[in-house]
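One-letter residues, chain by chain:
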Amino acid sequence: MSVISSLTYSRITGTGSYLPPKRVSNAEFAAELAQQGIETSDQWIVERTGIRARHFAAPEVGSSDLAVEAARHALEAAGVAAAQLDLIIVATSTPDMVFPSTACLVQQKLGVHGCAAFDVQAVCSGFVYGLTVADSMIRSGAARKALVIGAEVFSRILDFKDRTTCVLFGDGAGAVVLEASDTPGVLATELHADGRHVDILCTPGTVAGGSVLGDPLLKMDGQAVFKLAVGVLEDVARSVLAKAGRSEADIDWLIPHQANIRIMQMTARKLKLDMDKVVVTVDQHGNTSAASIPLALDHAVRSGRLQRGDTVMLEGVGGGFTWGAVLLDF
Ligand code: UT7
């Protein structure tokens with residue numbers, strides 16, 4: 001018997017996040033890098049990016065460990081037991097292993113089995129990709145209770161000799177429980193990719209014959225990424241608003257990928273939104289790639305700023321080149 005209902009929507013019923021305890025301020029990081037002969041400063045990092053601190057996981061901690069902590073908080077907030085889940089999606093570019101997926105490791109650590117579990121690899125757009133897939137599966141009747149997580153240990157792939165990238169990223173995880181609902185919920189979604197730009201943001205190494213082949217550290221042409229990001233974030237936001245029959249004025253909260261405060265300011269300006277409608281956590285978290293949006297979402301919820309019924313625009317952009325947006329009523 002089909003469980004597909006034309007009235008099935010998906011709705012976020014709980015959020016959670018987790019940051020590894022080691023917090024490194026710009027000043028501390030600059031002092032550490034200076035010992036290796038790498039010159040940077042709190043002033044440069046704040047002026048160019050808005051970042052003031054980031055968290056780094058201990059060497060023995062993997063993405064699945066951060067993910068499971070965030071997941072537990074989200075499940076608790078939703079009042080859902082892990083055994084009730086029928087779908088787990090983890091967005092990550094820093095999986096614990098080549099395989100199995102981090103989602104399967106999370107399932108194991110939650111002490112459950114049987115439900116579908118897989119990873120999504122869309123770098124900093126990963127959470128928006130994962131949420132869109134989960135929304136589609138719920139609306140089609142393929143799932144009713146999904147856990148969608150963004151989790152990263154980007155510190156593992158940073159080149160600490162490259163000041164143009166190592167000061168930008170951090171580790172962390174964020175999660176949501178998405179459930180079938182007869183009211184939306186998710187209003188509209190849209191995903192894009194343009195593989196012509198694979199080279200501007202990549203970690204090109206791989207594993208072959210028992211060793212690492214190629215360069216396993218992150219490379220970025222920051223200015224190229226910046227320019228593309230500003231354009232696509234405006235376009236995709238307008239597109240999902242049009243799909244949902246809403247306008248910029250309906251947005252209560254914009255939660256963009258947290259990479260650079262200047263990108264967020266430009267996006268807000270283009271969408272005619274005041275910065276006090278933009279959730280900003282890049283100052284405290286740095287760029288946590290797929291984790292940045294659910295981390296920011298959870299912080300906005302737990303601080304009491306984002307309320308039930310608010311209209312929220314989530315926007316991801318990153319390596320691939322990938323981008324996308326989800327408009328939802330919280
Ligand atoms: O997560 C995926 C999405 N990623 C992004 O959205 C990142 C997008 N890009 C950016 O956020 C910015 O392009 C960066 C923050 C990466 C760089 O900012 P920028 O304003 O584009 O700086 P720049 O690359 O033009 O560099 C300006 C100067 C250079 O020196 P010269 O050539 O002018 O003498 C750099 O060498 O700043 C220098 N510089 C630094 N100085 C101190 C670069 N990194 C540093 C540093 N400390 N950490």
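A quick note: this is a predicted structure, and the numbers were derived from the prediction, not measured. (Residues numbered from 1 in each chain as written. Predicted model: local features only at pLDDT ≥ 70, side-chain atom pairs only at ≥ 80, totals over all residues. Heavy atoms only, no water.)

Colleague: What am I meant to see in the overall build of the chain here?
Modeller: Check the secondary structure of the chain and you find ten helices and 15 strands. Its C-alpha atoms give the chain a radius of gyration of 19 Å, near enough to 20 Å, the size a compact globule of 330 residues would have. For the chain, the C-alpha atoms occupy an extent of roughly 65 × 50 × 40 Å along the three principal directions. Taking all 330 residues of the chain together, the buried fraction comes to 55%. Restricting to contacts in the chain with at least 6 residues of sequence separation, those with at least 24 account for 77%. Roughly 13700 Å² of accessible area belongs to the chain as shown, and the carbon and sulfur atoms make up 53% of that amount. Taking the 28 positively charged and 36 negatively charged side chains of the chain as two groups, their mean positions are separated by 2 Å. (Helix = DSSP H or I, 4+ residues; strand = E, 2+ residues; numbered from the N terminus. Rg over C-alpha atoms; globule rule 2.2 N^0.38 Å. Buried < 20%, exposed > 50% of the residue type's maximum accessible area, 1.4 Å probe, protein only. Contact = heavy atoms within 4.5 Å. Areas by Shrake-Rupley, 256 points an atom, 1.4 Å probe, with all protein chains shown as cover. Lys, Arg positive; Asp, Glu negative; His and termini not counted. Charge placed at Lys NZ, Arg CZ, Asp CG, Glu CD.)

Colleague: How should the pattern of salt bridges be read in this particular structure?
Modeller: Pairs can form between side chains of opposite charge whenever their charged atoms are close. Counted under the stated rule, the structure contains eleven salt bridges. E179 serves as the salt-bridge partner of K145, at 2.4 Å between the closest nitrogen and oxygen. Separated by 34 residues along the polypeptide, K145 in strand β6 (residues 145-153) and E179 in strand β7 (residues 171-181) bring together distant segments of the chain. Its relative accessible area of 11% is what places E179 among the buried residues. Salt bridges here are not isolated pairs; linked through shared partners, they connect E234, R238, E248 and K270. (Salt bridge = Lys/Arg side-chain N within 4 Å of Asp/Glu carboxyl O.)

Colleague: Can you help me understand the domain arrangement of the chain in this one?
Modeller: Examined at the domain level, the chain breaks down into domain 1 (9-181) and domain 2 (186-329). Look at where the C-alpha atoms of domain 1 and domain 2 centre, and you get two points 14 Å apart. Taken together, the contact pairs 55 residues of domain 1 with 47 residues of domain 2. For the pair domain 1 and domain 2, the summed buried surface comes to about 3800 Å²; carbon and sulfur atoms form 61% of the total. It is C124, V128 and Y129 that lose the most area in domain 1 upon contact with domain 2, and together they represent 16% of the buried surface on that side. Taken together, the connections running from domain 1 to domain 2 amount to zero salt bridges. Elements with a contribution of two residues or more to the side of domain 1 that touches domain 2: β1 (9-18), α2 (42-49), β3 (53-56), α3 (63-78), α5 (126-140), β6 and β7. Ranked by residue count, the leading element in the side of domain 1 that touches domain 2 is β1, at nine residues. In terms of residue class, the side of domain 1 that touches domain 2 is built from 25 nonpolar, 19 polar and eleven charged. (Domains from an automatic or database assignment. Buried area = accessible area lost by both parts, 1.4 Å probe. Nonpolar A, V, L, I, M, F, W, Y, C, P; charged D, E, K, R; others polar.)

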